[in-house]
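Below are the chains, spelled out letter by letter.
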Amino acid sequence: MTQAGASLRVSSKYLAYLVPLGAVGFALLIGAIMLLAFDASPIEGFRALFRGAFGSTDALIETAIKATPLLFVGVGITIAFRANVINIGGEGQIVAGGLLSTMTALWLPDLSAWIMLPAILIMGFVGGAIWGFIPGYLKAYFGVNEILSTIMLNVVAVQLMNYLLRQPLIDPAEIERGTRIPQTERLQEGADLPLLFGSDRLHIGPLLAVLAAIAAYILLWRTPLGYRLRAVGQNPDAARYAGIPVKRTITLALTLSGALCGLAGAVLVFGSEGHRMVTDGSTAGFTGSAGFNGIVAALFGGLHPIFTIPASFLFGGLLVGGISLQRAVQVPSALILALNGLVVIFVVSTDRYRQRLRDQDARRDALASAGASSVPLAADRGGGGEEP
Amino acid sequence: MPMMEMRGITKRFPGVLANDNVDFDVQAGEVHTLLGENGAGKSTLMKILYGLYQADEGEILLNGDPTVIDSPTTAISHNIGMIHQHFMLVETLTVAENVALGLPSSRGALTDLDVVSDHIVELGSQYGLELDPAALVWQLAVGQKQRVEIIKALYREARLLILDEPTAVLTPQEVDQLFETLRQLTTDGRGLIFISHKLHEVLALSNRITVLRQGRVTGQATPAEATRESLAEMMVGREVKLAPDKPAVQVAEPALEIRDLEVYGDRGIVAVEHFDLEVRAGEILGIAGVSGNGQRELAESIAGLREVTKGSISIAGTDVTNHRPIEIRDVGLAYVPEGRLKDGSIADFTVSENILLVDHRDDRFLNRGLFDFGAIREHCQGLVDDFAVKTPTLETPVRSLSGGNIQKLILARELEGTPTVLLASQPTRGVDIGAAEYIHERLVAQRERGTAILVISEDLDEVFGLSDRIAVMYEGRVMGIVDPATATREEVGLMMAGVSPD
C-alpha cells in the first residue's frame, strides 16, 4: 500500500522520479538565458549560487534553516492536497502559529525549559490549526471555496499580527525609547530552540521538520485516519458510500495542514536570531513567503512527505544561493524569484507526463497478468484493444 | 457488390493488437450485426470506418472503390453516419438546431431552420421518427433523443448507418419501435451496422452476425442457424451458462422491509413514492425498470446515502431509516452500487486499499493503531483468489483492471462476512459475459446462505435469470410483482412502460 505501488517496473519508476529533476534543469537553462540577457555569466552565477547554498558547512546550515519552514508548510500542504483541499493559507497559518506561541512565552514566563519548549511548539501547532480549521469548516459545511477563504485569512492574520505587535505585545522598551518598532521583547531564553552539534546557528528546527515529514508519511499511509484523508481526496463519493464522514475529514485535513504551518511559525520565532517576533507590516516580512514557497516544495516533492524533504532543502538552497548569485553577478533579486517560478511551471506541467509513465507500467502489468481473456481494454478508455 | 467492405483491417496500439486482419462487409438493405465483448475490437473497427482511427493495414472499399477515410467529415461525405451510444447533442438547443449544427445554411449567412424543420418532419413521418423540430433537446425523453440522432444522420443522407449499442437506454417497447424504424431504413436500400451484446435483440434484428473476439473474427452466423448460447460461445470462446442454476431455497422471514417510502431526487423532484417492498432471507428479488424511474434513489436511500422524507426502511427488524451509512452496514447491509468507479471503488487506490474501503478501521488490520500490512495482504489475497479477480498484484491501481474484475472485487468486499441483505445495483452492467456469469453464480450461492438479495437491473435477461420474484418499478412505485416462471417479457415490458398488469 505504498504510494507508488511496489508493482511498478523499475525503469519507468526511476524515469518518473527523474522528470522533476529534468524540469529543474530546464528552468536553470532558461535562467541562464535570462542571466545572459543581463550580460552576466551564467556559469559564474550558477557557481556562486551552488557555493552559497551547498558549498560550505555554514552554507548548508543556512540552507537547512531556510528549508525548515518550507518543509513544515510543504508537509502541511501535502496533507491537504491528499484530501483534495487546496491550502493557500500557509502564510496566515504561520503567522497564527507564531503569534500564539509568542503569547504563550510572554504570558507564562516562569515555566521551565522542559515544559516551555513543548508548550510553545504545541501552541504554534494549535494556532495554525485554528487558522486551518476555519476555512476547513467553511468548506466542508457551507461549500465556501477554500482557495478564497485561505487567502482572505492570510490578510486577516497579518493585520492581527500588526495590531498585536504594535499594541498589546510590543516590547515595553520600544515605548520607553519612543521608537515603537513593532516587535516583542526578547523572549525568555528557556524557549530558545536548542542548538545542535555545538553550532551557534543550527537549531533543532530542521530536525523537527524532518520528523514532522516522517510522521505525516506514517499518518497518510499507515493509519486509518490517513486512509480516510486520501480516500476523501481521491473520491468523496466512494468515501461516503463506505461510511467515511466526508465533511469531518475535509475539516480535519485543513486543520492538520494549518497546524503544520503553525509549527513553522513557532520555529521561525524561537529559532530566529533575535528570539523575538517582529513585523515589517507584511506577512512575508515574518514568514519569508514560506507559506507560498512551501507549496512549491510540496509539488516538487510529488505531494509526498518524504520527497518533500529533499525538495525543501533544494528550494532552501535556491533561496540562500540566490543571494550569492545576485552578489556575484549583480543581477536584480527578482531574477531569483523568476527562477523559482520557472521551476514551478516546469514541475507542475510535467506532472501529467510523470503520471502517464506510472500508468503505462501499471496497465502493462495488468495486461500481462490477466492473460488473453477479459483483459482491461484501453479501447474502452479511448486507447487500444486487446492483446493478441 | 457490398456497399461497404473492410478487408484485412489490422490496428495496433502500444502493446495491444486491437484488430487483427478483420474482414467485414455490409450489403445494401441488410442489418449486419457486430457482436463481441467489451474490448473485442468492435469500437476500434467502427472508429476506423468512421475515420476516427487509421488502420495500420487493410483497406476500405465503398461500392467497390478503395477509399481513404481520414476523418468523420470524410466519412459523412461518403454517406456514412454513426449513432453514438452517448448522444452527441447540445441539450440547450432545439431539435432543428441540433440537426442543422455544422451544416451550411441554404441561405448563406442567414439560418434556414424552417427548411430544416420541414425536412425533419418529412423524414420523421417517413420512418416513424416523429419529433417536434422546435422542442428543446433537454426536455426530450431518452428514446426521443435517439430519434434526433438518427434524424441527424438521415438528414446528412447517410446510406450506411453505424448504431453503437442503440438499445442500451430503451424500454422493450421503445426497442420494438426502434427496430421497426431500422427495418424500414433497410427496405430503402440503406445498410446498417448494429452493435450490441443483447443476444435476443441481435437474433431479432440481424440479417447477418459477425462475432469478434480479441480483435479477430471468430464466427459468422445468421439468426436462423444461431442461438443465444451459440453466439455467447463464439464471443467468449467456451461454453457459457446464460442463466445460473438455482436450487430451491426455503425462504425465511423478511430481512429487508420498505414501507411507504418517499425519496427525492437530485433535482428536488419526488423520485420514489408510496413504495412498499419486502425481501426475504434466501430470495433474490429483482427490480426491473427503465433507468431513471427511481431505482438509483431507492438504492441510495436504503444505503443511507439519500434522505428518506417519508416512510421507513428496516433491516432484520431494525429500523435504519435515515441512519448513517456506517450504521446501516453494521446492521448487515452490503451494497454493490451501480457506479463501479464512481461510488464502489477508488480508481487510483490499489486493489488492497479498495478491499479495505469499508473495513479499514477494523481491528483485524491494525497493530497498535498502524496498519498491519501482513494481515491486510493475507486477507486481500484470500478474497482476490476466492473471487478469481485477475490482477497482477495487490498493489495494482484498480483503474487498470477491467470492469468485470473491478466488479468482482467489489462483490468480494461486500459479500465478506455474510451480510443479512445484499443490495446489488446493475451488478453486471458493462462487464464481459464470463465475469457476468461468475457474478450471477456468486449471487445465487449467497442466496443459498440465507442472504436477502435485492438486484436492481435494467437488463431483463438478468432479472429473469436471477430472480425468485420480479418487482417492476415505474415512476418511483412498484407497478406489480410477478413470478419469473410464469410472467412473460411482454408483460413486464408493459409494466415498465407504466401499463398496469390488470
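What you see is a predicted model; the values in this text were computed from it and never measured.

**Student:** Give me the overall build of chain B: which residues, what numbers.
**Tutor:** If you tally the helices and strands in chain B, you get 17 helices and 22 strands. A globule of 502 residues ought to have a C-alpha radius of gyration of about 23 Å, and chain B, at 25 Å, matches this closely. In terms of overall dimensions, chain B has a C-alpha envelope of 70 × 50 × 45 Å along the principal axes. The 502 residues of chain B split such that 56% are buried. Long-range contacts, defined here as pairs at least 24 residues apart, represent 67% of the contacts in chain B between residues at least 6 apart. About 20,100 Å² of surface is accessible on chain B, with carbon and sulfur atoms providing 49% of the total. Of the charged side chains in chain B, 46 are positive and 76 negative, and the gap between their average positions amounts to 3 Å.

**Student:** Got a sec to walk through the side chain of Lys152 of chain B? Specific residues and values, please.
**Tutor:** Residues and elements named next belong to chain B. For Lys152, the position within the fold is in helix H5 (residues 142–155). A relative accessible area of 15% means that Lys152 is categorised as buried. Those residues in contact with Lys152 that sit more than four places away from it in its chain are Met88, Leu89, Asn98 and Val99.

**Student:** Describe the nonpolar core, and please don't skip the residues or the numbers.
**Tutor:** Core analysis: the largest hydrophobic core is formed by 160 residues, its most contacted members being Ile287 and Leu298 of chain B. The element that contributes the greatest number of residues to this core is helix H11 (residues 246–270) of chain A, accounting for 13 residues. With near-sequence residues (within four places) excluded, Ile287 of chain B lies in contact with Phe275, Leu277, Gln295, Leu298, Leu454, Val455, Ile456, Ser457, Val463, Ala471 and Met473 of chain B. If you look at the next biggest cluster of nonpolar residues, it comprises 48 residues, including Leu192, Val211, Ala226 and Val236 of chain B.

**Student:** Break down the domain arrangement of chain B for me, citing the residues and quoting the values.
**Tutor:** Residue and element names in this part refer to chain B. Each assigned domain of chain B is listed here: domain 1 (4–236) and domain 2 (254–496). Placing a centre on the C-alpha atoms of domain 1 and another on those of domain 2 gives a separation of 34 Å. Taken together, the contact between domain 1 and domain 2 spans 12 residues of the former and 14 residues of the latter. Summing both partners gives a buried area of about 940 Å² for domain 1 against domain 2, and 57% of it is carried by carbon and sulfur. Counting across the interface, domain 1 meets domain 2 through zero salt bridges. Counting every contact that joins domain 1 to domain 2 gives three residue pairs in polar contact (both at pLDDT 80 or more). Only helix H6 (172–187) and helix H8 (228–236) provide two or more residues apiece to the side of domain 1 that touches domain 2.

**Student:** Give me the lowdown on the packing of aromatic side chains, citing residues and values where you can.
**Tutor:** What describes a pair of aromatic rings is the distance from one ring centre to the other and the angle between the planes of the rings. Inspection of the entire model under this criterion finds 14 aromatic pairs over all chains. For the pair Phe26 of chain A and Phe346 of chain A, a centre-to-centre distance of 5.8 Å together with 15° between the ring planes defines the contact as stacked. Of this pair, Phe26 of chain A sits in helix H1 (residues 10–37) while Phe346 of chain A sits in helix H15 (residues 334–370), and the two are 320 residues apart along the sequence. On the basis of relative accessibility, which here comes to 49%, the residue Phe26 of chain A falls in the partly exposed class. One aromatic cluster in this structure is built from Phe133, Tyr137, Tyr141 and Phe142 of chain A. Residue placement shows Arg329 of chain B over the ring face of Tyr241 of chain A; its charged tip is 4.9 Å from the ring centre. Across the ring face of Tyr438 of chain B, the terminal group of Lys408 of chain B is positioned such that the distance to the ring centre comes to 5.1 Å.

**Student:** Could you give an account of the packing of helix H4 (residues 90–107) of chain A against helix H13 (residues 290–300) of chain A, with specific residues and numbers?
**Tutor:** All names here are of chain A. Two numbers describe how H4 lies on H13: the axes approach to 7 Å, and their chain directions differ by 125°. Judged on the interaxial angle alone, H13 and H4 are oblique. Contacts from Gly90, Glu91 and Ile94 in H4 reach Ala290, Gly291 and Phe292 in H13. Residues of the contact of H4 with H13, tallied by class, amount to three nonpolar, two polar and one charged.

**Student:** Explain the pairing of strand S22 (residues 477–482) of chain B to me, and be specific about the residues and the numbers.
**Tutor:** Residue and element names in this part refer to chain B. Where strand S21 (residues 469–474) and S22 come together, five bridges link them in antiparallel fashion. Of the residues in S22, the one forming a bridge with Ala471 is Ile481. Between S21 and S22, which pair antiparallel in sequence order, lie two residues; one of them, Glu475, sits at a positive phi of approximately 45°.

**Student:** Explain the pattern of salt bridges to me, using residue names and the numbers behind them.
**Tutor:** All names here are of chain B. Applying the stated criterion across every chain yields a total of 41 salt bridges over all chains. Close ionic contact of Glu30 with Arg208 constitutes a salt bridge, the shortest N to O distance being 2.6 Å. Here Glu30 is found in the loop between strand S2 (16–26) and strand S3 (31–35), whereas its partner Arg208 is found in strand S9 (residues 208–213), with 178 residues between them in sequence. The shortest N-O distance in the salt bridge between Arg107 and Asp114 comes to 3.0 Å.

**Student:** Please provide a residue-by-residue account of the sheet that holds strand S20 (residues 452–457) of chain B, values included.
**Tutor:** Residue and element names in this part refer to chain B. Spatially, the six strands line up as an open sheet ordered S16-S19-S20-S13-S21-S22, and their pairing is mixed. Bordering the open sheet on either side are strand S16 (333–336) and S22, each of which pairs with just one other strand. Strand-to-strand, the axes of this sheet are offset by a mean angle of 20°, without reference to chain direction. With respect to the sheet, helix H9 (residues 295–302) is in contact with strand S13 (284–288), S16, strand S19 (421–425), S20 and S21, its orientation differing from that of S20 by roughly 150°.

**Student:** Can you tell me about H6 of chain B, naming the residues and giving the values?
**Tutor:** All names here are of chain B. Between its first and last C-alpha atoms H6 spans 23 Å; for 16 residues at 1.5 Å apiece the expected length is 22 Å, and the two agree. Considered for burial, the residues of H6 that qualify are Val175, Leu178, Phe179, Thr181, Leu182, Leu185 and Thr186. Along the axis of H6, the buried residues cluster in a sector spanning 165°; they form a single face. Away from the buried face of H6 by more than 90 degrees, exposed residues Asp176 and Thr187 are located. Of the surrounding secondary structure, the elements contacted by the buried residues of H6 are S3, helix H4 (113–127), H5, strand S7 (160–164), strand S8 (191–196) and helix H7 (199–205). Directly after H6, the chain includes Gly189, whose backbone phi takes a positive value near 90°.

Criteria and cut-off values
Residues numbered from 1 in each chain as written. Chains lettered and ligands numbered in written order. Predicted model: local features only at pLDDT ≥ 70, side-chain atom pairs only at ≥ 80, totals over all residues. Heavy atoms only, no water. Helix = DSSP H or I, 4+ residues; strand = E, 2+ residues; numbered from the N terminus. Rg over C-alpha atoms; globule rule 2.2 N^0.38 Å. Buried < 20%, exposed > 50% of the residue type's maximum accessible area, 1.4 Å probe, protein only. Contact = heavy atoms within 4.5 Å. Areas by Shrake-Rupley, 256 points an atom, 1.4 Å probe, with all protein chains shown as cover. Lys, Arg positive; Asp, Glu negative; His and termini not counted. Charge placed at Lys NZ, Arg CZ, Asp CG, Glu CD. Core = buried A, V, L, I, M, F, W, Y, C linked by side-chain atoms within 4.5 Å. Domains from an automatic or database assignment. Buried area = accessible area lost by both parts, 1.4 Å probe. Salt bridge = Lys/Arg side-chain N within 4 Å of Asp/Glu carboxyl O. Polar contact = N/O pair within 3.5 Å; in protein donor to acceptor, adjacent residues only side chain to side chain. Phe/Tyr/Trp six-rings, centres within 6.5 Å; stacked < 30°, edge-to-face > 60°. Lys NZ or Arg CZ within 6 Å of the ring centre and 35° of its normal. Axes fitted to C-alpha atoms, helices over the stretch in contact; angles between N-to-C directions. Parallel < 35°, antiparallel > 145°, perpendicular 65-115°, else oblique. Nonpolar A, V, L, I, M, F, W, Y, C, P; charged D, E, K, R; others polar. Pairing = 2+ DSSP bridges. Expected span 1.5 Å × (residues − 1). Arc of directions from axis to C-beta.

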